[in-house]
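A closer look at the structure
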Amino acid sequence: MTSRQQDQMSQCRKSRIEPVQTPRTERKEMLPASGISWRGWVVAFGVLCVLGAPGRARSQQGPFVQCNQNYALCATATCFYLNGVAYCKCDKEVGASISIPFEFDNNTQNICTLLNDGLDNGYTVSTFSLPDQVTKKYAAQYKPSSGSPPPLALYTCPRGNSTGPYAQCDGGVCFDSTTGKEFPGVGAIGDNQILCSCPVTQPREFGPQLGYQITGPWQHADGTACGANGSPSDCCSSAFLSQFCFADYHPTIPTGAIIPVGAPTGAATALSILLGDIQPINTCFER
């Protein structure tokens, strides 16, 4: 291992350890600034270290690339499962997003190239940014009469015993021709939405080392939306957690199953940090 690689690994170890050693009084002062628990920070930096460790990079520029153009945001989507593929109703967005590079043509092109090419060729690609719906700011400003979608929360499916499949949409291809149409399981696709095809992860087969996270309702038991100051005990749904984190499809996922988009625990926070978009978010069953 080179000295540079040793330095990288040393920094990763520090990022995992130092927050845990922070005095209790400092933790109380700093938590409200981001709305992310210290365990969340530790997991997020752990994800960054694992993905960016020597030998794991997928690009000459690093494990992630940031793009700034049209893209599809699938982080809050639900999907229709058909023949091994999840078809997800995603939002059309414009601006900064982040993704694994997916380099091709001798590493001269990547995900940003695909996004640019798609502008004139009827398609786009799913990349990541922090969805407004999971933020405390969105929950504070939400008005049911506005017609906007209700606030959501980030649900953590526990490591080890979660069995529910989820769609991993980073790099999923989406076609403009689906906008304004309908698709089985996901229904009408709005003018600002698009259908994306995404591969499926089955924890039963691969065993999640860090668990995984999906988005779900942030609402009271009567169905009314929770605000920014809502508590997880009042606003998180154990029924939703059970339905999707512990879905028991065996030996195969049946055609027609509705599954959520998800990612390894800490990935959303880690990628938001890289984008510089650190906001308080609604969290459910965080561990």
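Residues numbered from 1 in each chain as written. Predicted model: local features only at pLDDT ≥ 70, side-chain atom pairs only at ≥ 80, totals over all residues. Heavy atoms only, no water.

1. Section: the overall build of the protein chain
Our working rule: Only runs of H or I of at least four residues qualify as helices and only runs of E of at least two qualify as strands under DSSP, and these elements are numbered from the N terminus. Throughout, exposure labels follow a simple rule: accessible area from a 1.4 Å probe, protein chains only, divided by the maximum for the residue type, with under 20% read as buried, over 50% as exposed, and the rest as partly exposed. By definition in these notes, contact holds between two residues if any of their heavy atoms fall within 4.5 Å. Only the protein chains shown count as covering a residue, and every accessible area follows the Shrake-Rupley method with a 1.4 Å probe.
If you tally the helices and strands in the protein chain, you get 9 helices and 15 strands. Taken over 287 residues, the protein chain has a buried fraction of 45%. Relative to all contacts within the protein chain whose residues are 6 or more apart in sequence, the contacts with residues 24 or more apart total 75%. Accessible area of the protein chain: about 14900 Å², with a carbon and sulfur share of 51%.

2. A word on the nonpolar core
Operational definition: Here the nonpolar core consists of buried residues drawn from Ala, Val, Leu, Ile, Met, Phe, Trp, Tyr and Cys, with membership extended through side-chain atoms lying within 4.5 Å.
Ile98, Ile111 and Phe128 are the most contacted members of the largest nonpolar core, which has 22 residues in total. Mapped onto this core, the elements with two or more residues apiece are β1 (65-73), α4 (111-118), β4 (123-127), β5 (152-157) and α9 (267-275). For this core, the element with the highest residue contribution is β1, accounting for 4 residues. Not counting residues up to four positions away in its chain, the partners in contact with isoleucine 111 are Val65, Cys67, Ser99, Ile100, Pro101, Phe102, Val125, Thr127 and Gly171.

3. What to know about the environment of glutamine 109
Within the fold, glutamine 109 resides in the loop between β3 (85-99) and α4. Classification of glutamine 109 as partly exposed rests on a relative accessible area of 22%. Setting aside its immediate chain neighbours within four residues, glutamine 109 contacts Phe102, Glu103, Phe104 and Asp117.

4. Describing unusual backbone geometry
Note the cis peptide between histidine 250 and proline 251, where omega equals 5 degrees. Among the structural elements, proline 251 can be located in the loop between α8 (238-245) and β13 (258-260). Despite not being glycine, phenylalanine 102 has its phi angle at roughly 50 degrees, a positive value. Despite not being glycine, phenylalanine 285 has its phi angle at roughly 60 degrees, a positive value. If you trace the backbone, phenylalanine 285 turns up in the segment after β15 (283-284). For phenylalanine 285, a relative accessible area of 27% corresponds to the partly exposed category.

5. Focus on the sheet that holds strand β14 (residues 262-264)
Here is the rule: Strands pair, by our definition, only if DSSP identifies at least two bridges between them. Lines fitted to C-alpha atoms define the axes, with helix axes restricted to the stretch in contact, and inter-axis angles between N-to-C directions lie between 0 and 180 degrees.
Reading across the sheet, the 4 strands line up as β14-β12-β5-β15 and stay open at both edges, with mixed pairing between neighbours. Both edges of this open sheet fall to β14 and β15, since each of them pairs with a single strand only. The strands touched by α8 are β5 and β12 (212-217); relative to β12, the strand with the most contacts, the crossing angle is about 135 degrees.

6. Concerning the state of the cysteines
Keep this limit in mind: For the purposes of this analysis, a disulfide is any pair of cysteine sulfur atoms at a distance within 2.5 Å.
According to the stated counting rule, one finds 8 disulfides in the structure shown. Each sulfur in the disulfide pair cysteine 157 and cysteine 245 lies 1.9 Å from the other. When the S-S torsion is -65 degrees, as for the bridge of cysteine 157 with cysteine 245, the disulfide is left-handed. You can see cysteine 157 sitting in strand β5 and its partner cysteine 245 sitting in helix α8, a full 88 residues away along the chain. With respect to burial, cysteine 157 and cysteine 245 carry one shared label: buried.

7. Concerning the side chain of glutamine 133
Test applied: What qualifies as a polar contact is a pair of N or O atoms within 3.5 Å, subject to a donor-acceptor requirement within protein and to the restriction that residues adjacent in sequence count only when both atoms come from side chains.
On the secondary structure map, glutamine 133 appears in the loop between β4 and α5 (136-141). At 2.8 Å, the side chain of glutamine 133 and the backbone oxygen of proline 150 are in polar contact. The contacts of glutamine 133, once residues within four sequence positions are left out, are Thr76, Tyr138, Pro149, Pro150, Pro151, Leu152 and Asn282.

8. A few points about α4
Buried residues of α4: Ile111, Cys112, Thr113, Leu115 and Gly118, and no others. Turning to α4, the residues buried within the fold contact β1, β3 and β4. The N-capping residue of α4, defined by a side-chain oxygen 3.0 Å from the backbone nitrogen of cysteine 112, is asparagine 110.

9. Focus on the side chain of serine 129
Examined against the element boundaries, serine 129 turns out to sit in the loop between β4 and α5. Classification of serine 129 as buried rests on a relative accessible area of 10%. In terms of polar contacts, serine 129 uses its side chain to reach the side chain of tyrosine 71, at 2.7 Å. Setting aside residues up to four positions removed in sequence, serine 129 forms contacts with Tyr71, Leu73, Ala96 and Leu275.

The values are spatial; any link to function lies outside them.
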